[in-house]
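Structural features, examined
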Amino acid sequence: MSVHLLAIFFMLSASPTVTIEDDPVTDRAVRPLTSILVFSKTAGFRHGSIEPGQKALKEIGKVHGFTVETTEDSKRFNEAELKKYQVVVFLNTTGDVFDAEQQTAFEGYIKSGGGYVGIHAASDTEYDWPFYGKVVGAYFAGHPAVQPAKIRVSDRSHPSTSFLPEIWERTDEWYNFREFPNHVKVLAWLETDSYEGSSMPGKHPAIWCHDIDLGRALYTVGGHTDATFDEPLFRQHMTGAIYWAAGHDDWKMPTADKKETKKKTSPEKTEKTGDSR
């Protein structure tokens, strides 16, 4: 071995080993899901279903063995804090919730491999921030009254939809959107002739996902009613969405959870509508 090669060998041997095992974002694709942050700050309409949603997500974390922290503190959106979480769930956020520094931190988090799951009013958030508009996919544009509708699941291989029936019937507040999200993959569609009030007849997306640099984002339109978060199928849908956003493309619903889902039926609770989002 030449003197030059020996020198390189000893230099490499003496170099410190860099580990990323404690960075849930960078190493998301190979690590078990361990931690998520649920963010539910509102600067506009506040959904009464935020608390039931938080409770449901904490119960999901307990069942599946990952930590769920909830917050409405925008100051936690900084690089050091966000690195603790593999996925951030925007649970019925509304209005302008971040300052410029927090926006920069969140954008860096997503682009470097963080996961995002937006639930219902997450699309009624940060209208003047183009990057967030890209992440969420489309902005809220209004809604009819809470009512039953049929959702046609077009992708039944995705972790968030693989266990759903081809036609998923449930009651919620069905958002209309300002524009069609052309840059995403639509996983499920609202059957617009099954309810009243769609402004996107025949082409109304309900669940979609996409990649953003190294990160991932998934949005689901459901989540207005308290009863939504008691529905076994909606809970499984959120669970699959979180696992996919964390990089687990092959996540499947555990057998025990499948049996539990079959035993229960989705509640058909009617909620007051009024001035709601």
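Further up the page is the structure itself.
Residues numbered from 1 in each chain as written. Predicted model: local features only at pLDDT ≥ 70, side-chain atom pairs only at ≥ 80, totals over all residues. Heavy atoms only, no water.

**Quick word on the overall build of the protein chain**
The condition is simple: Helix numbering and strand numbering both begin at the N terminus, where a helix is a DSSP run of H or I of at least 4 residues and a strand a DSSP run of E of at least 2. Think of it in three bands: with a 1.4 Å probe and only protein chains considered, a residue is buried below 20% of the maximum accessible area for its type, exposed above 50%, and partly exposed in between. Two residues form a contact once any of their heavy atoms are found within 4.5 Å. Throughout, the Shrake-Rupley method with a 1.4 Å probe supplies accessible areas, and for residues the shown protein chains are the sole cover considered.
Helices and strands together make up the secondary structure of the protein chain, namely 7 helices and 11 strands. When burial is assessed residue by residue, the protein chain has 55% of its 277 residues classed as buried. A separation threshold of at least 6 residues defines the contact pool for the protein chain, and within that pool the share at least 24 residues apart is 74%. Carbon and sulfur atoms make up 52% of the accessible area of the protein chain, which amounts to about 12,700 Å² in all.

**Looking at the environment of M253**
Tracing the backbone through its elements, the reader meets M253 in the loop between α6 (232-245) and α7 (255-263). Taking C-alpha positions, M253 is 7.4 Å from Q236, a pair spaced 17 residues apart along the chain.

**Looking at the sheet that holds strand β7 (residues 167-172)**
Inclusion rule: For two strands to pair, DSSP has to find at least two bridges joining them. Fitted lines through C-alpha atoms give the axes, limited to the stretch in contact for helices. The angle between two N-to-C directions lies from 0 to 180 degrees.
Across the sheet, which stays open at both edges, the 9 strands sit in the order β2-β1-β3-β4-β11-β10-β9-β6-β7 with mixed pairing between neighbours. Looking at the sheet topology across the chains shown, the edges are occupied by β2 (67-71) and β7. Pairwise comparison of adjacent strand axes, ignoring direction, gives a mean angle of 20 degrees for this sheet. Note that strand β9 (residues 185-190) and strand β10 (residues 204-212) share 5 bridges and pair antiparallel. Within β10, the residue paired with A188 across the bridge is I207.

**Thoughts on the packing of aromatic side chains**
To be explicit about the condition: Paired rings are identified among Phe, Tyr and Trp, the last through its six-membered ring, by centres lying within 6.5 Å, and are further divided according to the angle between planes into stacked (under 30 degrees), edge-to-face (over 60) and tilted (the rest). Working rule: Lys NZ or Arg CZ, within 6 Å of ring centre, within 35 degrees of ring normal, means a charge sits over the ring.
Summed over the entire model, instances satisfying the criterion amount to 29 aromatic pairs. Between F98 and F106, the ring centres sit 6.2 Å apart and the planes meet at 25 degrees, which makes this aromatic pair stacked. F98 sits in the buried class, given a relative accessible area of 10%. For F106, a relative accessible area of 0% translates into the label buried. The structure contains a cluster of three or more aromatic residues connected by ring pairs, namely F39, F77, F90, F98, F106, Y109, Y116, W129, F131 and Y132. Over the face of the ring belonging to W168 we find R170, whose NZ or CZ atom lies 5.6 Å from the ring centre. Cation over ring: K203 sits above F180, and NZ or CZ is 4.5 Å from the ring centre.

**Focus on the pattern of salt bridges**
Note the threshold: Within this document, salt bridges are pairs made up of a side-chain nitrogen of Lys or Arg and a carboxyl oxygen of Asp or Glu, the two lying within 4 Å of each other.
In the structure shown here, the tally under the stated rule is 14 salt bridges. Across the pair R46 and E72 runs a salt bridge whose closest N-O atoms are separated by 2.6 Å. Placement of the pair is R46 in the loop between β1 (35-39) and α2 (50-64) and E72 in the loop between β2 and α3 (79-82), with a sequence separation of 26 residues. The class of R46 is partly exposed, set by a relative accessible area of 34%. A relative accessible area of 34% means that E72 is categorised as partly exposed.

**Quick notes on the environment of V97**
Tracing the chain through its elements places V97 in the loop between β3 (87-91) and α4 (100-111). On the accessibility criterion, V97 (2% relative accessible area) is buried. A C-alpha to C-alpha distance of 9.2 Å links V97 and E72, two positions 25 residues apart in sequence. Leaving out residues up to four positions away in the same chain, V97 has contacts with F39, K41, A43, S74, Q102, T125 and E126.

**Focus on the pairing of strand β11 (residues 215-220)**
Of all 6 residues making up β11, 6 are buried, and the element is well covered by its neighbours. What you see with β11 is no split at all: G215, A217 and Y219 on one side and R216, L218 and T220 on the other are buried throughout. Here strand β4 (residues 115-119) pairs with β11 via 5 bridges, running parallel. Residue pairing for β11: G118 is matched across the bridge by Y219. Examined bridge by bridge, β10 and β11 share 6 bridges and lie antiparallel to one another.

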